[in-house]
Amino acid sequence: MQWTGLNELREKYLSFFESKGHLRLDSFPLVPKNDPSLLLINSGMAPMKKWFLAQEEPPRHRVTTCQKCIRTPDIERVGITARHGTFFEMLGNFSFQDYFKEEVIPWAWEFLTSDEWMAIPKDRLHISVYEEDDEAYDIWTKKVGIAPDHMVRLGKEDNFWEHGSGPCGPCSEIYYDRGEKYGCGKPGCTVGCECDRYIEVWNNVFSQFDNDGHGHYSELKQKNIDTGMGLERLAVVVQDVDSLFTVDTNKALLDRVCALSNKEYQKDHETDVSLRIVTDHIKSCTFMISDGIMPSNEGRGYVLRRLLRRAARHGRKLGIEGKFLAELSKTVIELSKDGYPELEEKQSMIFKVLTEEEDKFNKTIDQGLAILAEMEDAMAAAGEKTLS
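Structure report, in brief. Residue positions are counted from 1 within each chain, in the order its sequence is given. Thresholds applied to this predicted model are a pLDDT of at least 70 for local features of residues and 80 or more for the giving and counting of side-chain atom pairs; totals over whole chains, interfaces and linings are not thresholded and use all residues. To get the side-chain values, take all heavy atoms of the structure and skip hydrogens and water.

**Notes on the nonpolar core**
Next, step 1: Think of a nonpolar core as a cluster: buried Ala, Val, Leu, Ile, Met, Phe, Trp, Tyr and Cys residues, connected wherever their side-chain atoms sit within 4.5 Å. Exposed residues in this analysis have more than 50% of their type's maximum accessible area, buried residues have under 20%, and partly exposed residues fall in between, with area computed by a 1.4 Å probe over protein chains only. One finds Phe 111, Trp 202 and Leu 234 to be the most contacted residues of the largest nonpolar core, which totals 86 residues.
Next, step 2: Beyond its immediate stretch of four places on either side in the chain, Trp 202 contacts Tyr 13, Phe 17, Asn 93, Ala 108, Phe 111, Leu 112, Ser 172, Glu 173, Ile 174, Thr 227, Gly 228 and Met 229. Residue contacts are defined here by distance: any two heavy atoms, one from each residue, within 4.5 Å place the two residues in contact.

Shown next as C-alpha cells:
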C-alpha cells in the first residue's frame, strides 16, 4: 500500500471507473435542484434520484462522480471527536438499469487491492453482506475468493438500505482492519463493533426491490447500483493516519489554524476541539458560498450562518485576533481547486461574504460583552456576586 494524497486518490477512483465505461460527471452543487425534500446535498446519489427512479434519462447508464456533501445532524459532535465533520467528499459509481452485483463486486475488490490501483493488503479487508443475500455472499466467496472468516452477515439495520417507500435493497460493505491499537480489546471484537478498529471504506447498495411503504417488497425489473465511498476515509487508510483531520489536505488546513492561533494540535483537549471546529467549518462555509448560499436566518442560509459563527467563536477562543475566516478560506481554495475549480473562480465573492458576516458577528459579540461588563460593574457596586 503506497501513501497517496487525497487529490490524487480522487483522480485515481474516477479514472478507474472511466476505464469501466463510466461517464465522469462534475460534482453537483450543494443546493438540490427541484428536490424540496433536501436542504443540502448529503450523499453521492442524492442529485440522481430521478435517474434511479427512471423518471429522467441519464446522460449515460454508467456514471462516476466525486460529490461534495454537507451533513449537519452531528454538528454538536464536530470537534469533540476526531471523526465527525460537516463537509466530506463522496466517491461513487452508479448503474442506472445497467450492471449489477456480478460486475460491481469484483470491481470494488480490484480497485482496492490490485497493484495498479490502491494495493491495500487483502488480509486487512473484511466484507459484510445482508444476512439474506446469498447471491452477494457467493460472488464474494466463490468469484472473488474471500475466505469465509473475512465475511460477516449482518441484519437489516446494518446492511439493508431503504428510506420509506420506493427503491431499496441489501448492501455489501468493505471494512479495513486498522489493527489492535485501535480496538476495544473486548473478546469477539470484529466488523460491526463500535470501536475504531474496523473502518468502513466502501458500500455497494444493490437497489433491487420496491418497498410499498407498508413492509411489502417486490422485485424491481430495472435494478440499480449505488456505490458510496468517503474520500477522506479512504485517505485515512492509505495514509495510515488517526482521523480525517490528519489526512494531508485537512492537516494542511489545520496547521494553518494552528499558525494563526499560535497553538499546537494534540497538546490540550479543549484547544483540539476548537482547532477541529474551525478547520471543518471553514471548509463547509467556503464550499457553500461558492454554490451561491448566502448567510440568513432560515433554511440553508441559517446552516451557513451557524457554521460561520461557530468557526468565528472558536477562533476567538483560540486567541486569534481580528478577522481570519477569509484568510483561512484561501487555504481551503488552494487545497481543493484542482477538484473544484469553481472555488477559485468565485474566491472574491467567498472572501467578501465571509468578511462581512464575520464583521457583523464580531460587533454583536462586542456589544454583548459591553452590556455584560456594565452588569458586572453594577453588581460590584451593590456588593453582589450573582447575576440574575
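**Some thoughts on the pattern of salt bridges**
Next, step 1: Any carboxyl oxygen of Asp or Glu within 4 Å of a side-chain nitrogen of Lys or Arg constitutes a salt bridge here. Under the counting rule described, the total for this entry stands at 29 salt bridges.
Next, step 2: Among the salt bridges present, the one from Glu 219 reaches Lys 223, with a minimum N-O distance of 3.3 Å.
Next, step 3: You can call Glu 219 partly exposed: its relative accessible area is 47%.
Next, step 4: A salt bridge links Lys 337 to Glu 334; the shortest N-O distance between them is 3.3 Å.
Next, step 5: What makes Lys 337 partly exposed here is its relative accessible area of 22%.

**Things to note about the packing of helix H8 (residues 269-290) against helix H10 (residues 325-336)**
In helix packing, the relevant descriptors are the interaxial angle and the interaxial distance, both defined with respect to the helix axes.
Next, step 1: Where H8 meets H10, the closest approach of the two axes is 9 Å, and the angle between their N-to-C directions is 75°. Classed by the angle they form, the pair H8 and H10 counts as roughly perpendicular. Mapping the contact onto sequence places Val 278, Ile 282, Lys 283, Thr 286 and Phe 287 in H8 and Leu 325, Leu 328, Ser 329, Val 332, Ile 333 and Ser 336 in H10.
Next, step 2: When residue character is reported, Ala, Val, Leu, Ile, Met, Phe, Trp, Tyr, Cys and Pro are called nonpolar, Asp, Glu, Lys and Arg charged, and the others, Gly included, polar. Among the residues forming the contact of H8 with H10, the class breakdown is seven nonpolar, three polar and one charged. In this analysis, axes come from line fits to C-alpha atoms, helices being fitted only over the stretch in contact, and the angle between any two N-to-C directions falls in the range 0 to 180 degrees. By the criteria applied, helices consist of DSSP H or I runs no shorter than four residues and strands consist of E runs no shorter than two, each listed in order from the N terminus. Comment on the angle field: the value is read as roughly parallel under 35 degrees, roughly antiparallel over 145, roughly perpendicular from 65 to 115, and oblique elsewhere.

**Some words on the packing of aromatic side chains**
Next, step 1: Any Phe, Tyr or Trp ring, taking Trp's six-membered ring, that has another such ring centre within 6.5 Å forms a pair; planes under 30 degrees apart are called stacked, those over 60 apart edge-to-face, and the others tilted. Following the criterion strictly, the structure yields 24 aromatic pairs and no others.
Next, step 2: Seen in terms of ring centroids, Phe 52 and Phe 96 are 4.9 Å apart; in terms of plane orientation they differ by 70°. Their pairing is edge-to-face. Residue Phe 52 is located in helix H2 (residues 49-52), and its partner Phe 96 is located in strand E3 (residues 87-96); the two are separated by 44 residues in the primary sequence. When sorted by exposure, Phe 52 lands in the same class as Phe 96, which is buried.
Next, step 3: Ring centres of Trp 109 and Trp 140 lie 6.1 Å apart, and the angle between their planes is 80°; this geometry places the pair in the edge-to-face category. Of the two residues, Trp 109 is situated in helix H3 (residues 101-113) and Trp 140 in helix H4 (residues 134-144); the sequence distance between them amounts to 31 residues.

**Remarks on the environment of His 281**
Next, step 1: Structurally, His 281 is set in helix H8.
Next, step 2: Between the C-alpha atom of His 281 and that of Gly 79, which follows or precedes it by 202 residues, the distance is 9.8 Å.
Next, step 3: Any pair of N or O atoms that falls within 3.5 Å is considered a polar contact. Within protein, one atom must be able to donate a hydrogen and the other to accept it, and sequence-neighbouring residues count only if both atoms are side-chain atoms. Side chain to side chain, His 281 and Asp 280 meet in a polar contact 2.9 Å long.

**Digging into the side chain of Asn 224**
Next, step 1: With respect to the secondary-structure elements, Asn 224 resides in strand E9 (residues 217-230).
Next, step 2: A polar side-chain atom of Asn 224 sits 2.8 Å from a polar atom in the side chain of Gln 97.
Next, step 3: Discounting chain neighbours no more than four positions away, the residues touching Asn 224 are Phe 52, Ser 95, Phe 96, Gln 97, Phe 100, Val 205, Phe 206 and Ser 207.

**Regarding the packing of helix H7 (residues 248-261) against H10**
Next, step 1: Between H7 and H10, the least distance of the axes is 10 Å, while the angle of their chain directions is 160°. As the angle between them shows, H7 and H10 are arranged roughly antiparallel. Crossing geometry of H7 relative to H10 is assigned as right-handed. Counting all contacts with H7, which are made through Thr 249, Ala 252, Leu 253, Arg 256, Val 257 and Leu 260, the residues of H10 involved are Glu 327, Leu 328, Thr 331, Val 332 and Leu 335.
Next, step 2: Grouping the constituent residues of the contact of H7 with H10 by class yields seven nonpolar, two polar and two charged. If you view the pair so one helix is near and one far, a crossing is left-handed when the near helix is turned anticlockwise from the far one by less than a right angle, and right-handed when it is turned clockwise.

**Looking at the pairing of strand E8 (residues 198-211)**
Next, step 1: Of all 14 residues in E8, eleven are buried, a share of seventy percent or more.
Next, step 2: Following DSSP output, two strands are said to pair if at least two bridges run between them. Bridge analysis of strand E7 (residues 166-177) against E8 gives ten bridges, and the strand direction is antiparallel. Looking at the pairing, Gly 166 lines up with Asn 211 of E8.
Next, step 3: Two elements, E8 and E9, share eight bridges in a ladder whose sense is antiparallel. Residue Val 205 lies in a different strand from E9, and its bridge partner there is Asp 226.
Next, step 4: Hairpin remark: E8 followed by E9, antiparallel, with five residues in the connecting loop; positive phi at Gly 213, about 95°.

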